[in-house]
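For reference, the chains in residue letters:
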Amino acid sequence: MTETAMTQTPKSRFQSFDFKTAGPAIALILLCIIGFLLNPAFLSEGNITNLLTRSAFIGIIAVGATFVITAGGIDLSVGSMAAVIAGVMIIVMNGAVETFGTGVTTVLIGCGCSVILGIGAGFINGFLTTKGKIEAFIVTLGTMGIFRSLVTYFADGGTLSLNYDIRGVYRPVYYDSFAGLPIPVWVFIIVSICGWLLLNRTAFGRYCTAIGSNESVAKYSAIKVDRIKTWTYVLQGLCVSLATIIYVPRLGSASSSTGVLWELEAIAAVIIGGTVLKGGYGRIGGTILGALILTTIGNILNFTDMISNYLNGTMQGLIIIVAVWLQRGDWGRKNKAN
Amino acid sequence: MNKLSKISALAAAVTMSLASLASAETIKIGVSYPTPTHAWAAGMNWHAEQAEKRLEALYPDVDLVLVNSPDPSAQASALEDLVSVHGIDALVVLPFESEPLTDPVLNVKKSGALITVVDRGLSQPGIEDIYVAGNNPELGRVSAVYMKSRLKEGDNIVILRGIPTLIDNERFDAFMAEIEGSGINVLDHKHANWNRDDGFEVMQDFLSRFPDIDAVWAQDDDIAIGVVAALKQAGRDGNGMFVVGGAGMKETIKGIMDGNELVPVDVLYPPSMIATAMDVTVAAFKSNGPVAGRYILGATLITKENAASFYFPDSPF
């Protein structure tokens, strides 16, 4: 009896503590501590900058995915979409060299092309899902295959490389910093803020949540369900195009191995962050932490030689599961029921 | 009138030559390989097409049928079609995977065709008449020998490996065996999956982790591109630092010809091996000497001196 009484006190304190929100943050802090213990260089400025910059790709895509998933959809095509957009951007920029030279104009044409393609691809996904009445899983599984094979075709099975002179002009978009932070991190921050405002402070965000929790009720509440759902895919496409714009200057190339499994990483980031996979509840802040957690895991595994290379996938899987378990926070309540 | 007579003469000539082709024994050779979905395979596809043109021009009675397949079961079906539809006399096959394609190739052999296996072997010995392959252990060993020639005792290197596979293990084990006892420290090795992006990220992390790295064995030219980008970003590409890749990508070889100090050499694992296999297979019908046997291509060290003979500017790889 005394034992239960003793354990009762800390439990109530657990209850007041919001594990749902803090779970991913705790997981990330734990990971950082482990990283630091393995090697103090983990917290060096250079490594943190690398980490943040790397997270930007998946992070930006995952912000878009948060909307799609919150509204009860799913987009499996984002990795292939990024690859094909990167490929077309490179082809367009290489082609524009003759007319516009190797200056900023050409880069802007490439970026404009990326945005148009992203929005277009997102619209196709959304239109087929809503008006075509095909499950999002199937539509985006289909477009995933289509985009992937298109980039293979454009690259003739090999690799598309950006003209060397344009690379010089475009390179700063990935490698340069502004006020101490690399440009990709700034883009990530801006996209995150816009995403947060859109999800939490606008009617559009509320509609996404409403549709995700119960589509029929949303429909009877005079929400234009099809239109809102299509918009989430367009938003996702826009996010993919932004991520691609900062991805291309990194190595100046695209091939069929570009963006492989990004869709799963983006979805994992969203779920780790606390968004519900079946829709109806979304958290942008959590998604950002989720993206950071995923990148940090990879980084830590490169920082140690204690774990066999072959078990990297196992470690990643375990940490993802633990992170989600932490943020579920149900175990506090379950103990109480006992 | 003149024109018309010319055309009819031409038509007659074509008909006759076609007839003679049909009557003379046409040697049909099927060439089956995986669909090019990465750069090396795209290079292989290109070399196969070049070899087809060259050999068919050289021998009018040789007909090469090129088929590529996206997965092992599609390749198995393709092999059946080559026998049933084309009635091939010989097969040149680069198996997608060894296990699932052993039986299909055995069935082709039962039809009486000559079998040439390229690169990846089959899981049963004795099926192939001719075997043509690159040399994975040698690739590792040659890379290590070069490292030893450039580095001294106490110098540090890091290794970026490929996808965890048998090929990767063969290369890595041979490298480690050769480097052993040289006093060169291997700080760590990680898989970069023969991929530029992974090469970039793994190298960034190595650079954060180890303040003193003298050389990098990237094993593959795609990984090396990522490694070089990470080195340049960190400003650690000076002081005699160098990167050794492998395979024979045209951009890398161009760089070697131009005297690139950061990637001064490359170790060959030629995508043109399929062309070699096609040559040898045709020779089995045309040569006056025996050609059956194992043809293991060298893992040549490509330096500034010999680079020109490995440079194919039109190939996608």
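These figures come from a predicted structure and were not determined experimentally. (Residues numbered from 1 in each chain as written. Chains lettered and ligands numbered in written order. Predicted model: local features only at pLDDT ≥ 70, side-chain atom pairs only at ≥ 80, totals over all residues. Heavy atoms only, no water.)

**Q** What is the right way to read the overall build of chain B from this model?
**A** For chain B, the count of helices and strands is 10 helices and 12 strands. Over its C-alpha atoms, taken along the principal directions, chain B stretches across nearly 80 × 50 × 35 Å. Considering chain B as a whole, with its 317 residues, one finds that 50% of them fall into the buried category. In chain B, of all internal contacts separated by at least 6 residues, the share reaching a separation of at least 24 is 73%. (Helix = DSSP H or I, 4+ residues; strand = E, 2+ residues; numbered from the N terminus. Buried < 20%, exposed > 50% of the residue type's maximum accessible area, 1.4 Å probe, protein only. Contact = heavy atoms within 4.5 Å.)

**Q** What exactly am I supposed to notice about the overall build of chain A here?
**A** Check the secondary structure of chain A and you find 16 helices and four strands. For 338 residues, the compact-globule estimate of 2.2 N^0.38 gives 20 Å, and chain A sits close to it at 21 Å. With respect to the principal axes defined by its C-alpha atoms, chain A has extents near 85 × 55 × 40 Å. Residues counted as buried form 51% of the 338 residues belonging to chain A. Relative to all contacts within chain A whose residues are 6 or more apart in sequence, the contacts with residues 24 or more apart total 79%. (Rg over C-alpha atoms; globule rule 2.2 N^0.38 Å.)

**Q** Mind showing me how you'd approach the pairing of strand S5 (residues 130–133) of chain B here?
**A** Side-chain direction in a regular strand flips from residue to residue, so the side chains alternate between the two faces of the sheet. Residues and elements named next belong to chain B. The two faces of S5 match: Ile130 and Val132 on one face and Tyr131 and Ala133 on the other face are all buried. As paired strands, strand S4 (residues 114–118) and S5 are joined by three bridges and run parallel to one another. Bridged to valine 118 within S5 is valine 132. (Pairing = 2+ DSSP bridges.)

**Q** I keep staring at the side chain of threonine 258 of chain A and nothing clicks. Help me out?
**A** Considering the arrangement of structural elements, one finds threonine 258 of chain A in the loop between strand S4 (253–255) and helix H13 (262–272). There is a polar contact of 2.9 Å between the side chain of threonine 258 of chain A and the backbone nitrogen of serine 255 of chain A. (Polar contact = N/O pair within 3.5 Å; in protein donor to acceptor, adjacent residues only side chain to side chain.)

**Q** Would you mind showing me how to read the interface of chain A and chain B here?
**A** Many descriptions give the size of an interface as the accessible area lost when the pieces come together. Between chain A and chain B, the contact holds 28 residues from the first and 29 residues from the second. Carbon and sulfur atoms supply 42% of the area that chain A and chain B bury against each other, a total of about 2500 Å² over both sides. Considering only the side of chain A, the residues that lose the most area to chain B are Leu251, Asn302 and Asn309 of chain A, jointly responsible for 24% of the buried surface there. The interface formed by chain A and chain B holds four salt bridges in total. Linking arginine 250 of chain A and aspartate 197 of chain B is a salt bridge whose minimum nitrogen-to-oxygen distance equals 3.2 Å. Joining chain A to chain B, the criterion identifies 15 residue pairs in polar contact (both at pLDDT 80 or more). (Buried area = accessible area lost by both parts, 1.4 Å probe. Salt bridge = Lys/Arg side-chain N within 4 Å of Asp/Glu carboxyl O.)

**Q** Looking at this structure, I do not really get the sheet that holds strand S7 (residues 185–191) of chain B. What am I missing?
**A** Hydrogen bonds along the backbone pair up the strands of a sheet, which may run parallel or antiparallel. All names here are of chain B. Spatially, four strands are ordered S7-S6-S8-S9 in an open sheet, and the strand pairing comes out parallel. Where the open sheet ends on each side, the last strands, each with one partner, are S7 and strand S9 (242–244). Averaged over all adjacent pairs, the angle separating strand axes in this sheet is 20°, with direction ignored. Inspection of the sheet shows strand S8 (residues 215–217) paired to S9 by three bridges, in the parallel sense. Bridge pairing links alanine 215 to phenylalanine 242 in S9. Of the strands in this sheet, strand S6 (156–161), S7 and S8 are in contact with helix H6 (residues 166–179), which crosses S6 at around 165°. (Axes fitted to C-alpha atoms, helices over the stretch in contact; angles between N-to-C directions.)

**Q** Quick question: what am I supposed to make of the side chain of histidine 191 of chain B here?
**A** Relative to the elements of secondary structure, histidine 191 of chain B occurs in strand S7. In this structure the side chain of histidine 191 of chain B is engaged in a polar contact, spanning 2.8 Å, whose partner is the backbone oxygen of glycine 162 of chain B. Excluding residues within four positions of it along the chain, histidine 191 of chain B makes contact with Asn309 and Tyr310 of chain A together with Arg161, Gly162, Ile163, Pro164, Asp168 and Val202 of chain B.

**Q** Explain the pattern of salt bridges to me, please; I cannot follow it from the model alone.
**A** A side chain with one charge may pair with a side chain of the opposite charge, provided their charged atoms come close. In the structure shown here, the tally under the stated rule is 18 salt bridges over all chains. A salt bridge links arginine 209 of chain B to aspartate 305 of chain A, with the nearest nitrogen and oxygen atoms 3.9 Å apart. Linking arginine 209 of chain B in helix H7 (residues 196–209) with aspartate 305 of chain A in the loop between helix H14 (284–303) and helix H15 (312–328), this pair reaches from one chain into another. Judged by its relative accessible area of 10%, arginine 209 of chain B falls in the buried class.

**Q** What should I look at first to understand the UniProt feature "domain: Periplasmic binding protein" (unreviewed entry) in chain B in this one?
**A** Feature annotation in UniProt assigns "domain: Periplasmic binding protein" (unreviewed entry) to the following positions: residues 29–260 of chain B. Split by type, residues 29–260 of chain B is 48% helix and 20% strand. Its first and last C-alpha atoms lie 42 Å apart. (UniProt positions renumbered as here; feature names shortened; annotations may be inferred.)

**Q** Just checking my understanding: could you explain unusual backbone geometry for this structure?
**A** Glycine aside, negative phi is the norm for most residues, and most peptide bonds take the trans geometry. Residue and element names in this part refer to chain B. One non-glycine residue, glutamine 219, adopts positive backbone phi at about 70°. Locating glutamine 219 in the fold gives a position in the loop between S8 and helix H8 (221–234). Of the residues examined, glutamine 219 reaches a relative accessible area of 1% and is grouped as buried. A positive phi angle is found at asparagine 239, which is not glycine, with a value near 55°. Looking at the element boundaries, asparagine 239 is found in the loop between H8 and S9. Taking the relative accessible area as the measure of exposure, asparagine 239 reaches 86% and is therefore exposed.

**Q** How should I be thinking about the confidence of the model for chain A in this particular structure?
**A** Do not read the fine detail of predicted coordinates wherever pLDDT is low. Residues and elements named next belong to chain A. In the predicted model, chain A carries a mean pLDDT of 89, and 91% of its residues have values of at least 70. Of all helices and strands in chain A, the one with the weakest mean pLDDT is helix H1 (residues 2–16) (47), whereas helix H9 (residues 183–201) scores best (97). Segment residues 1–12: pLDDT under 50, and four contacts once partners within four positions in sequence are set aside and those in other chains are kept. (pLDDT = per-residue confidence, 0-100.)

**Q** I would appreciate a short explanation of the packing of aromatic side chains in the present structure.
**A** For any pair of aromatic rings, the description rests on two quantities: the centre-to-centre distance and the angle between the ring planes. Residues and elements named next belong to chain B. Within this structure, the stated rule accounts for 17 aromatic pairs over all chains. Summarising the aromatic geometry, the rings of phenylalanine 206 and phenylalanine 210 are spaced 6.0 Å apart at their centres and angled 40° between planes, so their arrangement reads as tilted. Classification of phenylalanine 206 as buried rests on a relative accessible area of 0%. Residue class for phenylalanine 210 comes out buried when judged on its relative accessible area of 13%. (Phe/Tyr/Trp six-rings, centres within 6.5 Å; stacked < 30°, edge-to-face > 60°.)

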